Amino acid sequence: MSLSCGIVGLPNVGKSTLFNALTKKIVAAENYPFCTIDPNIGIVPLEDPRLKHLTLLSNSEKTIPATVSFVDIAGLVKGASQGEGLGNKFLSNIRETDAIVQVIRCFEDPDVIHVEGKIDPIQDIEVINLELILADLQMVENIVQKLEKGARGKKESPETLILMKKIMDHLNQNLSVRSLDFTKEEKQILKSYSFLSAKKILYVANVGEEDLPAMDNAYVRAVKEYAEKENSPVIPICAKLEEEVAQLDEEEVMGFLKELGLKETGLAKLTRSAFDLLGLITFLTTGEVETKAWTIRQGMTAAQAAGAIHSDIEKGFIRAEVVSFQDMIEYKGRVGAREAGKARSEGRDYIVHDGDVILFFHN
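Section: the environment of E210
Inspection of the secondary structure assignment puts E210 in the loop between β6 (200-206) and α7 (218-229). Spatially, the C-alpha atoms of E210 and E108 are 9.9 Å apart, while their sequence positions differ by 102 residues.

A look at α7
The terminal C-alpha atoms of α7 lie 17 Å apart, and with 12 residues this matches the ideal 16 Å at 1.5 Å per residue to within 8%. Inspection of α7 places V220, V223, Y226 and A227 among the buried residues, and these make up the whole buried set. In a view along the axis of α7, the buried residues occupy a sector of 125°, so they form one face of it. Seen from the buried face of α7, the exposed residues on the opposite side, beyond 90 degrees, are A218, E225, E228 and K229.

Comments concerning the pattern of salt bridges
Throughout the structure, instances matching the rule amount to 12 salt bridges. Between D354 and R50 there is a salt bridge whose closest N-O contact spans 3.1 Å. Of this pair, D354 sits in the loop between β11 (344-346) and β12 (356-362) while R50 sits in helix α2 (residues 49-58), and the two are 304 residues apart along the sequence. The residue E250 makes a salt bridge to K52 at a minimum N-O spacing of 2.6 Å. Of this pair, E250 sits in helix α9 (residues 250-260) while K52 sits in helix α2, and the two are 198 residues apart along the sequence. Residue classification places E250 among the exposed positions, given a relative accessible area of 55%. Here the salt bridges share partners, and the residues they tie into one network are D48, R50 and D354.

Quick word on the pairing of strand β4 (residues 67-72)
In terms of residue burial, β4 counts as a mostly covered element, since 5 of its 6 residues are buried. With 5 bridges joining them, strand β1 (residues 3-8) and β4 adopt parallel strand pairing. Residue G6 lies in a different strand from β4, and its bridge partner there is V71. Of the strand pairs in this sheet, strand β2 (residues 40-45) and β4 are connected by 6 bridges, and their pairing is antiparallel. Residue pairing for β4: G42 is matched across the bridge by F70.

A look at the packing of aromatic side chains
In this structure the tally under the stated criterion is 5 aromatic pairs. Here the aromatic residues F283, W294, F317 and F360 are joined through ring pairs into a cluster of three or more. The aromatic ring of W294 is capped on one face by K292, whose charged end is 3.9 Å from the ring centroid. In this structure, R319 packs its charged tip against the face of F361, placed 4.0 Å from the ring centre.

Quick notes on the rules
Residues numbered from 1 in each chain as written. Predicted model: local features only at pLDDT ≥ 70, side-chain atom pairs only at ≥ 80, totals over all residues. Heavy atoms only, no water. Helix = DSSP H or I, 4+ residues; strand = E, 2+ residues; numbered from the N terminus. Expected span 1.5 Å × (residues − 1). Buried < 20%, exposed > 50% of the residue type's maximum accessible area, 1.4 Å probe, protein only. Arc of directions from axis to C-beta. Salt bridge = Lys/Arg side-chain N within 4 Å of Asp/Glu carboxyl O. Pairing = 2+ DSSP bridges. Phe/Tyr/Trp six-rings, centres within 6.5 Å; stacked < 30°, edge-to-face > 60°. Lys NZ or Arg CZ within 6 Å of the ring centre and 35° of its normal.

See below:
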């Protein structure tokens, strides 16, 4: 299971610069709109210091972290939902992702053109959000029309039509689908539809180097206030700095960050926040061959976690031996944890916790 985040924003807000830093992959980042036309995709490892400790403990040959996929989608502009600036293509790219990372310009630079002619992060957010809402409105109107036509000829689900009309009314107020409350039954129906404005969103406030190390200014505060109303996270980042840091080796990075008064890279915060956005956690497996982080959703059972490794392990599940990461380190491995009574035998309905180190027994 891998989370896919679409990086969106108006042109010249720092999307491609951020993507370069995330992937250490040089894609064009020029000072004009639509520099990015086809989406660039990068798979980024989730930083997890627990893996290093377990790798050393087990003398593993390989270490495999969890990953997050980032898709660098071209800059949206007003009218994207009507096809402006190749908008239909860009909106379809967003539709294929699980969550949205919206980059907002929170820095002044007379040398970098702003597509709207001025720096106004809230207006930028609303331009993007409105285009997603308008695209959804077109989609739901078509769905309602088809359902009503179908209802004349054969029996259709009345619950689906009622839900679609509820969504349509909400969108007509320029409100996103994610701001609507749904019942359990409605959520089940929604799984068949991919509304853009229903996707969870993480705002990246892109600041200038003059705002380090606090990464705070009036623009960032305005974005945080806006995001708080819709319960969305905000990560302030200096994309330009992150791109420079991405070119350094691991030892150089820590020294460089210390000089700037920073404890970690903004990208580490971003990948972690993107991972948390959809309620994902990792459980760990470790041995001589490999130490690996496996991605599952919060609330999954031991049997479902086994299925993340292989469907045959889920089918033949007998039990799971679970040791917490802390106990693995304290008692120097699974054998020591067993001797200390810290290795628990759990059944198929056990709810897996983040950082559980699991050994599955199966037929």
